[in-house]
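Architecture and fold: a report
The residues making up each chain are set out below.
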Amino acid sequence: FTGSAGDFLVGIEQAWLFVDSRYHEQADLEVNSSLIQVSKLGLEGHKTLVETLETLGQSAPGFRLGFDPFTLAVEQFRIFQKQLEPAGIKLVFVLENLVDKVRIQSPWIESDPLPALGDSQLFPLPDAVAGETTAEKLTRVREAMQKANTDILPITKLDQVAWLFNLRGWDIPYNPVFIAYAVITGDGAFLFTNLARMADEIQATLQKHVTLLPYKQYEESLKSLISQSNNLRVLLDPKHTTMGTYCLLEGVRVVETANPIEGMKARKNAIEILQMQVANLKASRG
């Protein structure tokens with residue numbers, strides 16, 4: 001299924017794809033109906049993901065729903081928990097993403113290799129286009145952290161990472177972001193991504209203000225940072241932080257509030273507004 005949105009539920013004997021009205025016809029064309037039941041949201045007789053799970057939970061006592069905590073926001077986890085626990089469903093962390101595991105072990109991998117996560121070349125957004133340097137953005141973020149009386153800010157939302165470091169990539173089709181994590185402290189900033197795809201010039205510029213580390217070192221590094229003091233307070237936005245990151249903060253005081261980057265990103269500066277006008281003019285002429 002090549003649609004850009006939808007939910008997929010895999011059971012021991014059945015599987016379901018849940019799509020909204022944009023993809024009703026596309027799902028019929030692309031999905032093997034003998035293997036997967038398509039639920040067309042909004043149509044009578046078609047159940048939502050939660051409704052389907054509730055039915056499964058009622059018919060199978062002790063039903064366990066597995067999920068990858070690093071792909072689900074804290075707030076969404078809590079919503080699922082509130083909706084599903086009355087049906088006797090227990091949510092279970094699956095730390096090894098089973099879809100990724102199948103992708104890696106697929107028999108056609110040699111003849112039709114699937115791209116690795118985070119392998120697109122990164123390119124910088126010039127200050128003349130962004131209207132603000134990474135150093136200036138980091139200063140504003142730290143001021144917001146101080147106002148919230150917090151010491152560490154983990155960032156798991158890709159568009160926030162791209163905005164903060166004035167970088168773009170093509171890891172996700174039709175979306176100029178790149179696979180990465182970031183952590184901001186009172187005197188440091190850490191960017192975790194595939195460094196091999198980052199040009200030396202970009203690395204040299206970023207390293208004036210940022211510590212660059214491999215993507216896989218995120219969990220270990222975050223744990224190390226929060227273990228440096230018993231009094232650290234971590235800023236966590238439940239809407240924009242993964243449940244996996246939340247679980248890494250065990251034993252630390254967590255302050256749940258809006259990520260300041262989300263508001264900063266939304267309020268465009270004069271140069272950003274001008275660039276939007278130029279882009280719209282180009283699109284209109286096209």
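Along the backbone of the chain there are 12 helices and 13 strands. In terms of overall dimensions, the chain has C-alpha extents of about 55 × 55 × 40 Å along its principal axes. A total of 286 residues make up the chain; the buried ones form 41% of that total. Taking as baseline every contact in the chain between residues at least 6 positions apart, the subset at least 24 positions apart corresponds to 58%. Total accessible area on the chain is roughly 17000 Å²; 53% of this is exposed by carbon and sulfur atoms.

For Glu 132, the position within the fold is in the loop between α5 (127–130) and α6 (134–147). A distance of 2.9 Å separates a polar atom in the side chain of Glu 132 from a polar atom in the side chain of Arg 140. Leave out the neighbours within four places in its chain, and Glu 132 touches Asp 127, Lys 137, Arg 140, Trp 163, Asn 166 and Asn 269.

This brings us to the nonpolar core. As a rule of thumb, soluble globular proteins bury nonpolar side chains together. In this structure, Leu 9, Leu 53, Leu 65, Leu 84, Ile 152, Val 183 and Leu 222 are the most contacted members of the largest nonpolar core, which totals 36 residues. In this structure Leu 222 touches Ile 152, Pro 154, Val 183, Thr 245, Leu 248 and Leu 249, once residues within four positions along its chain are discounted. Among the nonpolar cores identified, the runner-up in size contains 29 residues, and Phe 165, Ala 180, Ile 202 and Met 264 belong to it.

Below, the discussion takes up the side chain of Thr 134. By secondary structure assignment, the location of Thr 134 is in helix α6. With residues up to four places along the chain from it excluded, the contact list for Thr 134 reads Leu 164, Phe 165 and Asn 166.

A few words now on the sheet that holds strand β2 (residues 15–19). To summarise the sheet geometry, strands pair through backbone hydrogen bonds and adopt either a parallel or an antiparallel arrangement. Strand order in this open sheet of 3 strands is β1-β2-β3, and the pairing throughout is mixed. Of all the strands in the sheet, just β1 (7–10) and β3 (37–40) have a single pairing partner and so form its edges. On average, each strand axis in the sheet is tilted by 20° relative to the strand beside it, whichever way the strands run. Alignment of β1 against β2, held across 4 bridges, turns out to be antiparallel. Directly across from Leu 9, in β2, lies its bridge partner Trp 16. Of the strands in this sheet, β1 and β2 are in contact with helix α2 (residues 49–59), which crosses β1 at around 15°.

Rules used in this analysis
Residues numbered from 1 in each chain as written. Predicted model: local features only at pLDDT ≥ 70, side-chain atom pairs only at ≥ 80, totals over all residues. Heavy atoms only, no water. Helix = DSSP H or I, 4+ residues; strand = E, 2+ residues; numbered from the N terminus. Buried < 20%, exposed > 50% of the residue type's maximum accessible area, 1.4 Å probe, protein only. Contact = heavy atoms within 4.5 Å. Areas by Shrake-Rupley, 256 points an atom, 1.4 Å probe, with all protein chains shown as cover. Polar contact = N/O pair within 3.5 Å; in protein donor to acceptor, adjacent residues only side chain to side chain. Core = buried A, V, L, I, M, F, W, Y, C linked by side-chain atoms within 4.5 Å. Pairing = 2+ DSSP bridges. Axes fitted to C-alpha atoms, helices over the stretch in contact; angles between N-to-C directions.

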